[in-house]
Amino acid sequence: MKKDIEKLNKLTQLHAIASNEVEVTSYLESSLKGQITKDRLGSVVASTGEGGQVLITAPIDEVGMIVTQVTKQGLLKFQNVGYMHAKNSLNQLFLVTTKDKTFLATLIGKPLTYQAGDELPRVEDFKSLYLDAGFKSDKEAFDKGIQIGDMVTRYAEFKSLENDRFISKALDTRSSVY
């Protein structure tokens, strides 16, 4: 069972929003047995044995975002890829994956100390939120490799709970892949 959990951990820590599933497909190509092929959509197909055919399908992507803008202050604006709720995402950690690096960021909104009394009970929407990776300016963000279109995924380590239960990002789709 320990080996199974290690594989599931590995799968959940890969990053793959819709249309950018390279990390997962590369992992599958290197770990599956048999004749490996890919179709034009990027699906990984492993064929083994003889006789009847069985098709096992599973989604490999996860909800996330793509960077759409960098503000003068170095904050990142984004577009959702898949459904997320702002209420559950605010102040959570995310990873911005560039061509060469990965940056940790947090999803922020207007600080509570700057909100008027009537603003406090409202749930923010994604249009009013930013990803903060600590950049001081747009120039710094671009110099460090941030580009429009970079993939953003949740950051959540694979953790064990009581009674052989586990939590992680992408656990729903990646357990299907496993």
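A brief look at the structure comes next.

Reading the values: rules and limits
Here the residue numbers are simple positions, counted from 1 along each chain's written sequence. Since the coordinates come from a predicted model, pLDDT governs what is reported: local features require at least 70, and pairs of side-chain atoms require 80 or more to be given and counted, while whole-chain, interface and lining totals use all residues. Heavy atoms throughout the structure, all of them, feed into the side-chain values; hydrogens and water do not. Numbering goes from the N terminus for both helices and strands, where a helix is a DSSP run of H or I of at least four residues and a strand is a run of E of at least two. The cut-offs for exposure are 20% and 50% of the maximum accessible area for each residue type, with area from a 1.4 Å probe on protein chains only; residues under the lower value are buried, those over the upper are exposed, and the others partly exposed. Per-residue accessibility takes into account occlusion by the displayed protein chains alone, with areas from the Shrake-Rupley method and a 1.4 Å probe. Both cavities and pockets are sets of points on a 1 Å grid over the protein atoms alone; in a cavity a 1.4 Å probe fits but cannot get out, in a pocket the set is open with protein on both sides within 12 Å along at least five of seven lines, and lining residues sit with an atom within 4 Å of a point. Grid points are joined across faces, edges and corners, and a volume is the space filled by probe spheres set on the points. Following the grouping adopted for this structure description, the nonpolar residues are Ala, Val, Leu, Ile, Met, Phe, Trp, Tyr, Cys and Pro, the charged ones are Asp, Glu, Lys and Arg, and the polar ones are all others, Gly among them. Buried Ala, Val, Leu, Ile, Met, Phe, Trp, Tyr and Cys residues that are joined via side-chain atoms within 4.5 Å together make up what is termed a nonpolar core. Any pair of residues with heavy atoms lying within 4.5 Å of one another is described as a contacting pair. For this analysis, a polar contact is any N or O atom pair within 3.5 Å, provided that within protein one partner can donate a hydrogen and the other can accept it, and provided that sequence-adjacent residues contribute only side-chain to side-chain pairs. Each reported salt bridge corresponds to a side-chain nitrogen of Lys or Arg within 4 Å of a carboxyl oxygen of Asp or Glu.

1. Description of the overall build of the protein
Thinking step 1. Tallying secondary structure elements over the protein gives five helices and 10 strands in all.
Thinking step 2. Along the first, second and third principal axes, the C-alpha set of the protein runs to 70 × 40 × 25 Å.
Thinking step 3. Taking all 178 residues of the protein together, 31% fall into the buried category.
Thinking step 4. Accessible surface for the protein amounts to roughly 11,700 Å². Of this, 51% is attributable to carbon and sulfur atoms.

2. Re the layout of surface pockets
Thinking step 1. Size it by volume and the largest pocket reaches roughly 1,300 Å³.
Thinking step 2. For the largest pocket, the lining is made up of 36 residues, of which Leu32, Val44, Val45, Ala46 and Ile56 are closest to its centre.
Thinking step 3. If one sorts the elements of the lining of the largest pocket by residue count, helix H2 (residues 22-31) sits on top with five residues.
Thinking step 4. Taken together, the residues of the lining of the largest pocket break down into 16 nonpolar, 14 polar and six charged.

3. What to know about the nonpolar core
Thinking step 1. Grouped together as the largest cluster of nonpolar side chains are 19 residues, with contacts concentrated most on Val96, Leu131 and Ile146.
Thinking step 2. For this core, the elements supplying multiple residues, two or more each, are strand E3 (64-70), strand E4 (76-81), strand E5 (93-97) and strand E6 (102-108).
Thinking step 3. Residue contacts for Ile146: discarding those within four places in its chain leaves Val67, Val70, Leu76, Val96, Thr98, Phe103, Phe135 and Ala141.
Thinking step 4. Judged by nonpolar contacts, the second largest core, of eight residues, contains Leu11, Leu14, Val24 and Ile60.

4. As for the side chain of Ser168
Thinking step 1. On the secondary structure map, Ser168 appears in the loop between strand E10 (165-167) and helix H5 (171-177).
Thinking step 2. Here the side chain of Ser168 touches Thr12 through a polar contact of 3.1 Å, side chain to side chain.
Thinking step 3. For Ser168, the side chain forms a polar contact with the side chain of Gln13, separated by 3.2 Å.
Thinking step 4. Setting aside chain neighbours within four positions, we find Ser168 in contact with Thr12, Gln13, Ala156, Glu157 and Phe158.

5. Focus on the pattern of salt bridges
When their charged atoms lie close together, side chains carrying opposite charge are able to pair.
Thinking step 1. Taken as a whole and judged by the stated rule, the model has six salt bridges.
Thinking step 2. Lys169 is the partner of Glu62 in a salt bridge, and the nearest nitrogen-oxygen pair spans 2.9 Å. A residue pair is termed long-range when its members are at least 10 positions apart, and Glu62 in the loop between strand E2 (44-47) and E3 and Lys169 in the loop between E10 and H5 qualify at 107 residues. Across this residue pair, the class does not change: Glu62 and Lys169 are buried.
Thinking step 3. Among the ionic contacts, a cluster of salt bridges with common partners joins Glu62, Lys169 and Arg174.

6. Digging into the environment of Glu23
Thinking step 1. Residue position: Glu23 is located in helix H2.
Thinking step 2. Spatially, the C-alpha atom of Glu23 lies 9.7 Å from that of Gln13, the residues being 10 residues apart in sequence.
Thinking step 3. Filtering out sequence-adjacent residues up to four positions away, Glu23 remains in contact with Leu14, His15 and Thr97.

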